[in-house]
Each structure stands twice: as C-alpha cells, then as structure tokens.
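# A structural walkthrough
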Amino acid sequence: MNKASAIRAIISATTNEPIVFTTGYSCRIAQAIADRPNHFYMTGSMGLATSIATGVALVTGGPTVVVDGDGSLLMNPAALVTAGAMSNLGLLHVVLDDGLYASTGGQSTPSGRTDLGALARACGYDQVLRVAEDDAFAAALSDVLAHRTTPVFIHCVLSAHDSAVPPRVSAHLGEHQRRFRHHIQSTMTTKV
Amino acid sequence: MTSQLFLDNPSSCLSLSLAENGFGPFFGTPCGFLAPFYERVERDFGLCTVPREDNAVGMAAGAAMAGQLPVVMMQNSGLGQSLNALASLVVPYEIPMLLIISLRGVLPDRTSENLVMGRLTEPLLNGCGIPTEQLRADALDAQVDWARDLVGGQHRPAALLVPPTLFGWRA
C-alpha cells in the first residue's frame, strides 16, 4: 500500500461523506484521483484536519472522514483528545503512516517508538485498526462506513513508494470552501 | 433587550444575545477574564471545551462549513497558539466564525507574562484582516449586531475583544 492506493480506496468506499484531506501530498493525490465536492483540501494549518472533520461531524451527525498523516498527527495529538471524548461522533480517522515528512523532502518523523493506535485508544477512540495491505484496508473501510457511529481510527502502515506527485491544489481557496459547504448542506437536508 | 440589562449582567446578556442572533455552536478554552461568560454559555447553550485554542478554531471551521455560525472563546495567549490556524485556514478559505478573545496584559492587568500579547492582540488580528471590536458594557447590543452582520451576513471572521473588567475580573 502506498499513499495513492490508500487514497484511491477511500474515494472508492465513499460517495457523499465529507472527507478532509491533510496538507501535503494527500490533498494533491486526492484532487488528481477525483476532485469531488465532498472533498476538503486543507493546504495549510498542518495538524488541524482532524479538528475540522470533528467540527463537521459534530454538526452533521453523519459519518465524516479525515485523511491524516503521521507527521500531522504528531504535530497535534491534542486533536485525538477532543475527538475521542465524543463517544457518538461519526468520525473515521485514517492515518496514512509513511514514517516521513514526504512533502518537505522525506525527512523521518520522530515516531519510531510511538504507537499511534495506542494513542488513539487512550484518548477514547472506540475502535482502532491497523492495516498494511490494500485489501485489508478496503475491507476495513467498507465495514466501518456501514456500521460505526463512534470515533474509529485506522492506522495504515504504508510501505510502497509513491511515484510522481500530482500538481498542487489550484482552486481559489474561498471557492473551494464554499463548494464543500454547499455539498454538506445539500446532503444534510436529505437526512433526518 | 435593553442596554440596562447588559450593564447589570453582561455575561448572561451577551450569551443570550449571541444565541438570539443565531450564533453557535460554541467552542472554547477557558480564561479567567471570560469565566462568568464562559460558564453562562456552557450552562445555557452548551459549549465544547477544547484543550488547545487552534483546535477550537479548526473545529469551528468544520462547524462553519456545515452551515453554522460558530463562536470560539479564548484567552489572547491562545491567539498566539492560533495564529497559523487563522493565517493559513480561516482567512485564505474565507471561513466565517466569531472569535471572542480576552485582553490579558491590558490595564488593569499588569501580569508581565501577558503584556506582549496584550500589546499584539489587535495588531495581529488586524494584520490577518480580521476586524475587531473591543466590547463595552453599554454597547453590547450594537456590537453583537456588528458581529452578526460580518459573520452571518458577509460570511467573514470577526473578533470581539474582552477587556479585563468586563465580566468582573479584578487585578
């Protein structure tokens, strides 16, 4: 599994669910695979993707996905505390862990002795999964999206390199935000 | 709602006025200057306490994109913590939210550790392009209207600044 195959699996497993992609290559890869209105590309504010997704899930009450990285999770583990405290939060927190700060040149993250899943569990996440293969990840995604309404953490251990990195997010960021906002509001009215 | 009521009990009247104007959900990290107001909001409208102010800004951004008019309450020391969240998320993505920020380090608060941020609070926000109003007990009504127009009407962030004694703090 590499970052692109993991993001492809997330996009295949979802339809209308809001998805927040963390800064760095995740946004760029997602935009290149399928630029859908349920995507929010967080191009700055490293560490806050989970906080944003938590805010979305809190209001919508529906499943919300965050695609985080190991570097961004390590930058802001406080986000786990808030999400984990909300036992009925429909948050699916996916961490794509390549052990690297990929978009700044591939420096190693200082997580060699950190158990990210144990951190999530300690913060109150109801279910914590660890996957290293594409098939296992796809199965976990469809199961979680179909059945869970509590914070779930999927730690994806990436081992394969990504090839060429797609271009930067080019949309006007205000317009991008309004597209996401409009999508959430139009799908919320059909609920409840 | 009359100004006299605001003067009598600014914390309960400000929280009520915000709710009546459609603001919420409320996120925050506690501050001594804000305490009576913070507790009033928590009791009357519910409040999500967040362990770091920039996380509260991130959650408010999510709530705003889900169609709400969120409020984030913080001490101005947390504004330092939140600067990148404002500069690289809220401002460039044009996300509406109301910040309610205490002015620690402003007279009569002479605590040394707060003086620098006391001096920087308005310039930092204004430098980000976020308009500010310093709350006054005799003008709260109009100031909430101002915030409602910016956040709800123009879909912009705005900040209401809380001077030390507004909610009863004493040096």
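Figured I'd write up the structure that's included with this text.

Let us now look at the overall build of chain B. Per the secondary structure count, chain B includes 7 helices and 6 strands. Sequence-ordered secondary structure for chain B, helices as α and strands as β, is α-α-β-α-β-α-β-α-β-α-β-α-β. Rg of the C-alpha trace for chain B: 14 Å, near the compact-globule value of 16 Å for 171 residues, within the 12% margin. Counting all 171 residues of chain B, 56% fall into the buried class. Taking the contacts inside chain B whose residues are at least 6 apart along the sequence as the reference set, 73% of them involve residues at least 24 apart.

With that settled, consider the interface of chain A and chain B. Listed by partner, the interface residues are 33 residues for chain A and 28 residues for chain B. In total, about 2,200 Å² of surface goes out of reach between chain A and chain B, with carbon and sulfur atoms giving 65% of it. Summed over the shared surface of chain A and chain B, the number is 1 salt bridge. Note that Arg 178 of chain A and Glu 94 of chain B form a salt bridge whose closest N and O atoms lie 2.8 Å from each other. For the interface between chain A and chain B, the tally reads 10 residue pairs in polar contact (both at pLDDT 80 or more). Elements that contribute at least two residues to the side of chain A that touches chain B include exactly strand S2 (39-41), helix H3 (49-60), helix H5 (78-85) and helix H8 (173-188) of chain A. Tallied by class, residues from the side of chain A that touches chain B come to 17 nonpolar, 14 polar and 2 charged.

The next point concerns the side chain of Ser 26 of chain A. All names here are of chain A. Mapped onto the elements of the fold, Ser 26 is located in helix H2 (residues 25-33). On the accessibility criterion, Ser 26 (3% relative accessible area) is buried. Ser 26 has contacts with Lys 3, Ile 7, Phe 21, Val 67 and Leu 96, leaving out every residue within four places of it along the chain.

What the 6 strands build is an open sheet, ordered S2-S1-S3-S4-S6-S5 (chain B); its pairing is parallel. Of all strands in the sheet, those with a lone pairing partner are strand S2 (48-49) and strand S5 (132-134) of chain B, marking the two edges.

Residue and element names in this part refer to chain B. Remark: helix H2 (residues 10-20) packs on helix H7 (residues 140-153), axes separated minimally by 10 Å, with the N-to-C direction vectors making an angle of 30°. As the angle between them shows, H2 and H7 are arranged roughly parallel. Viewed along their axes, H2 and H7 form a crossing whose handedness is right-handed. Across from Pro 10, Leu 14, Ser 17 and Leu 18 in H2, the residues of H7 making contact are Leu 140, Asp 141 and Val 144. In the contact of H2 with H7, the residues fall into 5 nonpolar, 1 polar and 1 charged.

Our next topic: the packing of H3 of chain A against H8 of chain A. Residue and element names in this part refer to chain A. For the pair H3 and H8, the least separation of the axes is 11 Å and the interaxial angle reads 25°. Between H3 and H8, the interaxial angle falls into the category roughly parallel. You can see that H3 and H8 cross each other, and the crossing is right-handed. Only Phe 180, Ile 184 and Met 188 of H8 make contact with H3, whose side of the interface consists of Val 56, Val 59 and Thr 60.

With that settled, consider the packing of aromatic side chains. A full pass over the atoms with the stated rule returns 7 aromatic pairs over all chains. Taking the centre distance of 5.4 Å and the plane angle of 40° together, the rings of Phe 40 of chain A and Phe 180 of chain A count as tilted. Placement of Phe 40 of chain A in strand S2 and of Phe 180 of chain A in helix H8 is noted, with a sequence separation of 140 residues between them. Relative to Phe 153 of chain A, the ring of Tyr 125 of chain A lies with its centre 5.7 Å away and its plane at 85°, an arrangement referred to as edge-to-face. Taken together, the positions of Tyr 125 of chain A in the loop between helix H6 (116-122) and strand S7 (127-131) and Phe 153 of chain A in strand S8 (residues 152-157) put the pair 28 residues apart, joining distant regions of the chain. Comparing Tyr 125 of chain A with Phe 153 of chain A, the two get one shared label, buried. Three or more aromatic residues joined by ring pairs form one cluster here, namely Phe 40 and Phe 180 of chain A together with Tyr 93 of chain B.

About the thresholds
Here the residue numbering is sequential within each chain, running from 1 through the sequence in written order. Lettering for chains starts from A, numbering for ligands starts from 1, and both go in the order in which the items are written. For a predicted model such as this one, the threshold for reporting local features is a pLDDT of at least 70, and the threshold for listing and counting side-chain atom pairs is 80 or more; totals across whole chains, interfaces and linings nevertheless cover every residue. Water and hydrogen atoms were dropped before computing side-chain values, which therefore reflect all heavy atoms in the structure. Helix and strand assignments come from DSSP, with helices taken as H or I runs of at least 4 residues and strands as E runs of at least 2, each series counted from the N terminus. With C-alpha atoms as the basis for the radius of gyration, the globule rule is written as 2.2 Å multiplied by the number of residues raised to the power 0.38. Buried, partly exposed and exposed residues are distinguished by accessible area as a fraction of the type maximum, computed with a 1.4 Å probe on protein chains only: under 20%, between the cut-offs, and over 50%, respectively. By definition in these notes, contact holds between two residues if any of their heavy atoms fall within 4.5 Å. As a working definition, buried area equals the accessible area (1.4 Å probe) given up by two parts on being put together, with both sides summed. Here a salt bridge means any side-chain nitrogen of Lys or Arg lying within 4 Å of a carboxyl oxygen belonging to Asp or Glu. Polar contact is the term for a pair of N or O atoms within 3.5 Å; when the atoms are in protein, one must be able to donate a hydrogen and the other to accept it, and sequence-neighboring residues count only if both atoms are side-chain atoms. In this classification, Asp, Glu, Lys and Arg are treated as charged, Ala, Val, Leu, Ile, Met, Phe, Trp, Tyr, Cys and Pro as nonpolar, and every other residue, Gly included, as polar. Strand pairing requires that DSSP identify at least two bridges connecting the strands. Helix axes use the C-alpha atoms of the stretch in contact, all axes being lines fitted to C-alpha atoms, and the angles between their N-to-C directions lie in the range 0 to 180 degrees. Angles below 35 degrees are treated as roughly parallel, those above 145 as roughly antiparallel, those between 65 and 115 as roughly perpendicular, and all remaining angles as oblique. Here a crossing is taken to be left-handed if its near helix is turned anticlockwise relative to the far helix by less than a right angle, and right-handed if that turn runs clockwise. Ring pairs shown here join Phe, Tyr and Trp side chains whose ring centres sit within 6.5 Å, with only the six-membered ring taken for Trp; geometry is labelled stacked below 30 degrees between planes, edge-to-face above 60, and tilted in between.

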